[in-house]
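In case you want the letters, here they are:
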Amino acid sequence: MHIIERKVSSISSYKKMSFYLLIFLIICCCCFRYIELQKRRQPLLWSDDDRHFNETLTAIMRPRVVGSVGHKEVRHFIANELKELGFHVETDEFSQIVPVLGNLTFVNLLGIINPEASDFLALACHYDSKYFPDIPNFVGATDSAVPCATLLNTAKTLKSYLLTDFKNRQDLGLMLIFFDGEEAFLSWSKADSIYGSKHLARKLSTSPDDFAKRHIDRIEVLILLDLLGTASQKFYSFYQNTDTLLEELSSIERNLMKSRQLEGHNFMFFSRRIQNTIEDDHLPFLDEDVPILHLIPVPFPKYWHTARDDADSLHWPTIRNFNKIFRIFIYEYVKNHKENVNFRLM
């Protein structure tokens, strides 16, 4: 009888020990998981500056049809911001007769760091808003106020790096291009659209002399942003030679998502190439063999070219996520750049 009692007691003690051991192992696993998560969730090297972004967007998100007072004031704002951020500012000004509005003066804005560099990473968007006779207060929030604000905010958040370690590099410069006159005035056609990008591409395609490298050939890749800022936007690759860049954006997004540094659970960037029939400011540069990464959502935003493309259509978590991903992508591109990357041969 005592033997049986001792056996029962021994079995009971064994079960208790097993239970406590299991609890201990679970706690250890949780602690290990927490430590690993914290390792991945190191503070970002470059912090957000939402206040700057919001103030910049507010200054740009207004009617800015070419030739209007709003257009002139937005142009001056962007130029002044570029100067404040340490960029050398150049303008490409020209006049042209357009449908409906007649003779207009267009001004492309270029902000450049390391103007003597052999090659450039070019980031671009357009700053004009579309002319609608029946929507005089059209502000073009996604088209293209948010992209403009994103480019300036990227430069602002990376300013300390761009003006120190990156400054005066000979292998790579950074060029921010704000195209004028992307929108059609009557109806989109080859003649009535992308006025600024066509003019700038022609200008950069002219060699200084017979032996000099054309300025347009110094652009390693042109990254064009358009129609940003709404919920559930999705980006795909359109060109084989820049597939790897879209893959890098996707990788950054997934790493940030795993470490819980993004808002929500929806992915934006997809490492998949789809057929591109979108006409935009990149086309004149593509015709000159400039590699293109076109960051425009497919499908287009719901309120594209309507009066509702305003602040109420924007999804702020998506904008913050995009800015964070894009900033890290640009930093890693310029920091890891050791020699010319010839996307033209890919």
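Residues numbered from 1 in each chain as written. Predicted model: local features only at pLDDT ≥ 70, side-chain atom pairs only at ≥ 80, totals over all residues. Heavy atoms only, no water.

- As named in an unreviewed UniProt entry, the chain is glutaminyl-peptide cyclotransferase, taken from Glossina morsitans morsitans.
- Listed in UniProt under the heading Sequence similarities (unreviewed entry), the comment for the chain reads: "Belongs to the glutaminyl-peptide cyclotransferase family."
- Reading the Catalytic activity (unreviewed entry) entry of the UniProt record for the chain gives the comment "N-terminal L-glutaminyl-[peptide] = N-terminal 5-oxo-L-prolyl-[peptide] + NH4(+)". (UniProt positions renumbered as here; feature names shortened; annotations may be inferred.)

### Here's the deal with helix α2 (residues 50–60)
Structurally, the α-helix is built with 3.6 residues per turn, so residues lying three or four positions apart point the same way.
Working step 1: Buried residues of α2: H52, F53, T56, L57 and I60, and no others. In an axial view of α2, the angular spread of the buried residues amounts to 125°, which keeps them on one side of the axis. Along α2, exposed side chains directed more than 90 degrees from the buried face belong to R51 and T58.
Working step 2: Tucked into the core, α2 has its buried residues touching α3 (69–84), α4 (141–157) and α9 (316–335). (Buried < 20%, exposed > 50% of the residue type's maximum accessible area, 1.4 Å probe, protein only. Helix = DSSP H or I, 4+ residues; strand = E, 2+ residues; numbered from the N terminus. Arc of directions from axis to C-beta. Contact = heavy atoms within 4.5 Å.)

### What to know about a nonpolar patch on the surface
Working step 1: A cluster of nonpolar side chains, V100, L101 and L186, forms an exposed patch at the surface whose accessible area comes to about 280 Å².
Working step 2: Take V100: it is sitting in the loop between β1 (88–98) and β2 (102–113).
Working step 3: Judged by relative accessible area, which is 51%, V100 ranks as exposed. (Patch = residues over 30% accessible without salt bridge, like charges linked within 9 Å, V, L, I, M, F, W, Y side chains within 5 Å. Areas by Shrake-Rupley, 256 points an atom, 1.4 Å probe, with all protein chains shown as cover. Salt bridge = Lys/Arg side-chain N within 4 Å of Asp/Glu carboxyl O.)

### Structural notes on the pairing of strand β5 (residues 219–225)
Working step 1: By the criterion of burial, β5 is predominantly enclosed, with seven of the seven residues buried.
Working step 2: The pairing of strand β3 (residues 120–126) with β5 spans five bridges and is classified as parallel. From the neighbouring strand, L123 faces β5, where its bridge partner is I223.
Working step 3: One ladder, built from four bridges, connects β5 with strand β8 (residues 292–295); its direction is parallel. Bridged to L224 within β8 is H294. (Pairing = 2+ DSSP bridges.)

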